[in-house]
Every structure is written in structure tokens, then in C-alpha cells.
Amino acid sequence: MPDPSYPIGKFIYEGPPTEEQRTALIAQIEQTPANLRAAVSSLNQQQLDTPYRDGGWTVRQVAHHVPDSHVNAYVRFKLALTEEEPTIKPYAESLWAELPDTQSTPIEISLVLLEMLHDRFVRVLRSMTHEQWKRTFRHPEMGVVTLERTLALYAWHGRHHVAHITELRKRKGW
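Reference entry: report on the structure contained in this document. (Residues numbered from 1 in each chain as written. Predicted model: local features only at pLDDT ≥ 70, side-chain atom pairs only at ≥ 80, totals over all residues. Heavy atoms only, no water.)

### Re the pattern of salt bridges
For clarity, the threshold we go by: Salt bridge, as applied in this entry: a Lys or Arg side-chain nitrogen positioned within 4 Å of an Asp or Glu carboxyl oxygen. Starting at the N terminus, helices and strands are each numbered in turn, a helix being any DSSP run of H or I of at least four residues and a strand any DSSP run of E of at least two. Accessibility here uses a 1.4 Å probe with only protein chains present; expressed as a share of the type maximum, an area under 20% marks a residue as buried, one over 50% as exposed, and anything in between as partly exposed.
Counted according to the given criterion, the structure contains 11 salt bridges. The salt bridge partner of R126 is E30, with a shortest N-O separation of 2.7 Å. Of this pair, R126 sits in helix α6 (residues 107–127) while E30 sits in helix α1 (residues 19–40), placing them 96 residues apart in sequence. A relative accessible area of 39% places E30 in the partly exposed class. A salt bridge links K134 to E148; the nearest nitrogen and oxygen atoms lie 3.0 Å apart. Taken together, the positions of K134 in the loop between α6 and β1 (136–139) and E148 in helix α7 (residues 147–172) put the pair 14 residues apart, joining distant regions of the chain. A cluster of three or more residues bridged by salt bridges with shared partners is formed by E19, R22, K134 and E148.

Written out as C-alpha cells, the structure is:
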């Protein structure tokens, strides 16, 4: 059985992707909203409030976290495309997951947000030139990060969280 924390494995960046790999990563980002929607489909309130692992977030928190995170990714891309090595602001994702809106907002709101966000995000990604993929931002904890690496990270991130939910469903027989 895979590690419930990392059901598809930890993120590993293997260097700049080829054009073909980049196209596949963009396709993964494009598919994230539909994959997340399918993963949470037909779950009841009790199931949505079930942690995907001991000590982990609930399915509801994961469903709200993905758009929270990907909004930040989208903004990081836009900043890096329009400024010279901007310093981005990290966010306390574990604290965002505890905010009241995570409990009170229907997950449908976040699913629609993710769909609309990814429509815009993918349009940006598909319009980028070879030179733009080399652009960078500065992360206060990680240092200088290329947009190529960020693409790979967020393609992985969507699959990672969808797998949290789909693996929970398998374990629980949902």
C-alpha cells in the first residue's frame, strides 16, 4: 500500500522538461479540476469530513486547498512573467485549511473556482515562449525557482491531492 501522505510519491524535479514533457505537464494541470471533481463525486458530508490519513486533512480541506494553492501558483507565474525575479510571498497552507470558510463553503464553490482558474492558468501556460519558461521568482525559503520547475510541481500537486482522495475511497470502499 502506498504511503498515505504521498500516494504518488514525493515531488522530484528531474530538470528542465522537453517540449513534449512540458505539453504533458500542462495537460495534467488542465485535467486537475475534472479529476478533483470526479474524486469527490457523490461523497456525503460525513465522507467529506473524513481525513485522508491519520492526522491529515479532511477531504473537504483538500478540496478547498487545491484552488487555494493553485491561485498562488497562477499569481507566481504572472509575477515572474511581468517582473524581474520577483520575491513571492509564501502562505501558511495548514492555517488556511483551518479557516472557517474551509468548513462553511460548499466544495462546489472551490470546484468551480478551480475550473475557472485552470482555464486562465492553462491559457497562460500554453502561450509561453521557450525563453519565458526560464524566468524565475525568488521564494524566501526555496531560493530562486524557474517556471519550468514550478510547472512540474503544480502538475504533481494536483495529482498528489486527487490521489489522497481516491486512495481514501479505495481503502474505505466508497
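### Here we look at the side chain of R169
For the record, the criterion: Two residue types count as positive, namely Lys and Arg, and two as negative, namely Asp and Glu; His and chain ends fall outside the count. In what follows, residue pairs with any heavy atoms lying within 4.5 Å of each other are defined as contacts.
The topology assignment puts R169 in helix α7. Despite its burial, R169 remains without a salt bridge, the nearest opposite charge being carried by E167 at 11 Å. What R169 contacts, discounting residues up to four positions off in sequence, is A38, A39, V40, S41, S42, L43 and W174.

### Overview of a nonpolar patch on the surface
Condition: Here, patches come from residues exposed beyond 30% relative accessible area and free of salt bridges, joined within 9 Å for like charges and within 5 Å for nonpolar side chains (Val, Leu, Ile, Met, Phe, Trp, Tyr). Every accessible area reported is derived by Shrake-Rupley at a probe size of 1.4 Å, with residue values counting cover from the shown protein chains alone.
A grouping of V71, V75 and L113 is seen on the molecular surface, where their side chains present a nonpolar patch of about 200 Å² in accessible area. Inspection of the secondary structure assignment puts L113 in helix α6.

### Some thoughts on the environment of E85
Note the following rule: Here a polar contact is taken to be a pair of N or O atoms separated by no more than 3.5 Å, where protein atoms must pair a possible hydrogen donor with a possible acceptor and residues adjacent in sequence count only if both atoms sit in side chains.
Take E85: it is sitting in the loop between α3 (59–82) and α4 (93–96). The class of E85 is partly exposed, set by a relative accessible area of 32%. Filtering out sequence-adjacent residues up to four positions away, E85 remains in contact with T136, F137, R138 and V144. Reaching out from E85, the side chain makes a polar contact with the side chain of T136 at a distance of 3.3 Å.

### Here we look at α1
At 3.6 residues per turn, the α-helix brings residues three or four places apart onto the same side. Our working definition: Expected helix span is taken as 1.5 Å per residue step, with the number of steps being one fewer than the number of residues. To obtain the bend at a residue, axes are fitted to the seven residues ending there and to the seven starting there, and the angle between these axes is taken.
The first and last C-alpha atoms of α1 sit 32 Å apart over 22 residues, in line with the 32 Å expected at 1.5 Å per residue. A maximum bend of about 40° is found in α1 at T32, where proline P33 lies one to four positions downstream. Here α1 has its buried residues at R22, L25, I26, I29, T32, P33, L36, A39 and V40. For α1, the secondary structure elements touched by its buried residues are α3, α6 and α7.

### Examining the side chain of H64
Note that H64 resides in helix α3. The class for H64 is buried, based on a relative accessible area of 4%. At a separation of 3.3 Å, a polar atom in the side chain of H64 contacts the main-chain carbonyl oxygen of T102. Filtering out sequence-adjacent residues up to four positions away, H64 remains in contact with D101, T102, T105, P106, I107 and S110.

### Quick word on the packing of α1 against α3
Test applied: The convention used is that axes are lines fitted to C-alpha atoms, helices contributing only their stretch in contact, and that angles between N-to-C directions extend from 0 to 180 degrees. Under this scheme an angle from 65 to 115 degrees is roughly perpendicular, one under 35 degrees roughly parallel, and one over 145 degrees roughly antiparallel; angles in between are oblique. Amino acids are sorted into nonpolar (Ala, Val, Leu, Ile, Met, Phe, Trp, Tyr, Cys and Pro), charged (Asp, Glu, Lys and Arg) and polar (every other residue, Gly among them).
Following both chains from N to C, one finds α1 and α3 inclined at 170°, their axes separated by 11 Å at the closest point. As summarised for this structure, α1 and α3 are arranged roughly antiparallel, according to the angle between their axes. Mapping the contact onto sequence places T32, L36 and V40 in α1 and V59, A63, V66 and H70 in α3. Across the contact of α1 with α3, the residue classes tally to 5 nonpolar, 2 polar and no charged.

By themselves, these figures tell us nothing about what the structure is for.
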